[in-house]
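Here's the letter readout for the chains.
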Amino acid sequence: MDNNTYQQLKTFVNTFTLPGTILSVEKTPDGTCGEIRFFAINEVFKKNSFKLFLVDNSKSDYSYDNFHEMIEGQPYTLTVPKEPNFEEICFRAAWKGESIHTYVDTRKMYGFWTEDILLPVNCHHPENVAYCLFMYTLNKEMDSRKFAGVSPEISSFVLKTCLELRNETDFYASMNVVTKDLRKYSNSFAACIMSVDREQKKFEIISESMAPDATYTIKEIFKELPFRIISSWEKVLSETNSILIKDNNDMEVIGKKAPEWVENLKENDVRTLALVPFVHQGEIIGYLYLTNFAVANILKIKEIIELVSFFLTGEIANHIFMDKLEYLSNVDMLTGVLNRNCMNVNVDELSLKLKLNPQPFTVAFCDLNGLKIINDNRGHSTGDKLIREAATLLTEIFKGDQIYRAGGDEFAIISTTGTEAEFEVKVKTLREKGSNPEWIYFAIGYYHDEKGGSLRKAMRYADERMYKDKKIFYDMYPEKKR
């Protein structure tokens, strides 16, 4: 097992709140699917599998701490029967780069339907093995009794919300409509829908609606809000399924648990507040947030926001999932800069834009000299460290520009802002900081087009200049030549 690849993928799979595992999928000499193994599992998958194995007394001598050692590296048939259809979709995801979302009727096995999600994982791998991310959820049918006593007025509003979520409008437009409707229905001053990412310690205001006389937006207020304040909401919600502040007494009670948050509310003249979490797979993934509503309607407001949040949760979870899918598709896992796939797409789009609206741009290729020698003499883990540090240096210098990992040791930069002189200053800085023959030493080639001509020609010219620069390096240090 490649320990460096394992650590990277272990970290990656643990960013997901669904039960997930990186599967290694073997390709046989005849091009068919071979062995499929658990390469790295996340903590949620580990917990679920441990509970499953506890039922089997023959496996009960394993402790939870070392249970992943029993799973990782083993064939997937360790936990479930061999399934040709499952192997087919794993092979398609790992080797054909397909993203797959499917439902499987496993009610006889688990008493649930299983929702399977498989995504390709682009990383360093042996010639006969590729990887994919497998995640699942177990879904029961909706409990209709939950809605049996809902009034016709509220039922009508919830139905309207569901129809809005199912229409052909894009995600953000639908959320804006739902948020505006909620604010008007509750007669609130402000309403918003937001997602949270505890791992990354960040949040997104997905949609918001303000009263006509508002002089600011929620985004403006939350822009300066430390994430620790949003984190404090979870503590307050530990003993309830929603937060309702209807008067000063409620505000003081909440203030004992989250004093910094309540102080911020008072500063912004928030007198009444409703906060409902979106809970998916036991994790809070976002919130529905209303302020300064009419207290006389508090019971009706509580009922409707809790019902609406039930339906919104799935939409938010899917939005977060699609964001992570986009990240996986566009970002290089090792360095965090954009990957080659993203570069190809963006080059096509920018080329078209330049034809329609020519404007100055600059492209550069920055290739790491001597990487192969470092890999051969000091190991691939050291080589990976070099690549990461090189990407960090480029990110620090070329702020505001698009940085791509175009290949193993090659980075591309596309800049559509600033002048040629400003770009030259950045290149000069890179040469000063990236000219250590024993570590980071960039071969650099760039090309500026003032008239906004052919992007692909500019990239070819920059690439040719980079190789001339590389030749100078190897003439100076022939012992480092590949």
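Please read all numbers here as calculations on a predicted model, not as lab measurements.

## A short note on the side chain of K46
Structurally, the position occupied by K46 is in helix α2 (residues 43-55). Of the buried charged residues, K46 lacks a salt bridge, with E43 as the closest side chain of opposite charge at 4.1 Å. Only 3.3 Å separates the side chain of K46 from the side chain of H68, close enough to count as a polar contact.

## With respect to unusual backbone geometry
Of note in the backbone geometry, N187 takes a positive phi value of approximately 55° without being a glycine. With respect to the element layout, N187 can be found in the loop between α7 (171-186) and β6 (190-197). Taking relative accessible area as the criterion, N187 reaches 53% and is therefore assigned exposed. Its identity as a non-glycine residue notwithstanding, D269 has a phi of 60°, on the positive side. With respect to the helices and strands, D269 occurs in the loop between α11 (259-267) and β9 (273-280). Owing to a relative accessible area of 47%, D269 belongs among the partly exposed residues under this scheme.

## Topic: empty space enclosed by the protein
Per the counting criterion, the structure on display carries two cavities of 30 Å³ or more. Of the voids in this model, the largest cavity is the one considered here, and its volume is about 190 Å³. Around the largest cavity, the lining is made up of 17 residues, and of these I221, F222, N268, V270 and Y289 lie nearest the centre. Only α8 (218-223), α11 and β10 (283-291) provide two or more residues apiece to the lining of the largest cavity. Partitioned by chemical class, the residues of the lining of the largest cavity number 13 nonpolar, four polar and no charged. What lines the second largest cavity is simply P360, F361, T362, S415, T417, G418, T419, F423 and H448. Of the residues that constitute the lining of the second largest cavity, the class distribution is three nonpolar, six polar and no charged.

## Considerations on the confidence of the model for the protein chain
Across the protein chain, pLDDT averages 85, with 89% of residues at or above 70. pLDDT under 50 marks residues 142-148. Its contacts with residues more than four places away, or in other chains, come to eight contacts.

## So, the side chain of D332
Topologically, D332 is positioned in the loop between α12 (298-330) and α13 (340-356). Of the residues examined, D332 reaches a relative accessible area of 12% and is grouped as buried. Reaching out from D332, the side chain makes a polar contact with the side chain of T335 at a distance of 2.7 Å. Among the polar contacts made by the side chain of D332, one reaches the side chain of R405 at a distance of 3.3 Å. When sequence neighbours within four positions are dropped, the list of residues in contact with D332 reads V337, L338, N339 and R405.

## Things to note about the nonpolar core
Nonpolar side chains tend toward joint burial in soluble globular proteins. Formed by 29 residues in total, the largest nonpolar core has its most connected members in W233 and W261. Here the element with the most residues in this core is helix α9 (residues 227-236); it accounts for five residues. Not counting residues within four places of it along the chain, the set of residues in contact with W261 comprises I229, S232, W233, I243, I254, L273, L275 and Y289.

## With respect to the pattern of salt bridges
Counted by the stated rule, this structure contains 15 salt bridges. A salt bridge links R92 to E98, with the shortest nitrogen-to-oxygen separation between them at 3.0 Å. The exposure class of R92 is partly exposed, given its relative accessible area of 26%. Of the charged contacts in the structure, one is a salt bridge between R456 and D348, with a shortest N-O distance of 2.2 Å.

## A short note on the packing of aromatic side chains
Per the stated rule, a full pass over the model turns up 28 aromatic pairs. Three or more aromatic residues link up through ring pairs in this structure, and these residues are F38, F45, Y76, F86, F134 and Y136. Stacked on the ring of Y64, the Lys or Arg K46 has its end atom at 4.5 Å from the ring centre.

## Section: the sheet that holds strand β14 (residues 442-449)
Spatial ordering of the open sheet is given by β12-β13-β11-β14, a layout of four strands whose pairing is antiparallel. Of all the strands in the sheet, the pair left with one neighbour each is β12 (402-405) and β14. In this sheet, neighbouring strand axes are inclined to one another by 15° on average, regardless of whether the strands run parallel or antiparallel. As paired strands, β12 and strand β13 (residues 410-415) are joined by four bridges and run antiparallel to one another. When the bridges of β13 are listed, R405 appears paired with F411. Packing against the sheet, helix α17 (residues 455-476) makes contact with β11 (361-368), β13 and β14, and its axis sits at approximately 150° to β14.

The rules we used
- Residues numbered from 1 in each chain as written.
- Predicted model: local features only at pLDDT ≥ 70, side-chain atom pairs only at ≥ 80, totals over all residues.
- Heavy atoms only, no water.
- Helix = DSSP H or I, 4+ residues; strand = E, 2+ residues; numbered from the N terminus.
- Buried < 20%, exposed > 50% of the residue type's maximum accessible area, 1.4 Å probe, protein only.
- Lys, Arg positive; Asp, Glu negative; His and termini not counted.
- Salt bridge = Lys/Arg side-chain N within 4 Å of Asp/Glu carboxyl O.
- Polar contact = N/O pair within 3.5 Å; in protein donor to acceptor, adjacent residues only side chain to side chain.
- 1 Å grid on protein atoms, 1.4 Å probe; cavity = no way out; pocket = protein on both sides within 12 Å on 5 of 7 lines; lining within 4 Å.
- Points joined across faces, edges and corners; volume = space filled by probe spheres on them.
- Nonpolar A, V, L, I, M, F, W, Y, C, P; charged D, E, K, R; others polar.
- pLDDT = per-residue confidence, 0-100.
- Contact = heavy atoms within 4.5 Å.
- Core = buried A, V, L, I, M, F, W, Y, C linked by side-chain atoms within 4.5 Å.
- Phe/Tyr/Trp six-rings, centres within 6.5 Å; stacked < 30°, edge-to-face > 60°.
- Lys NZ or Arg CZ within 6 Å of the ring centre and 35° of its normal.
- Pairing = 2+ DSSP bridges.
- Axes fitted to C-alpha atoms, helices over the stretch in contact; angles between N-to-C directions.

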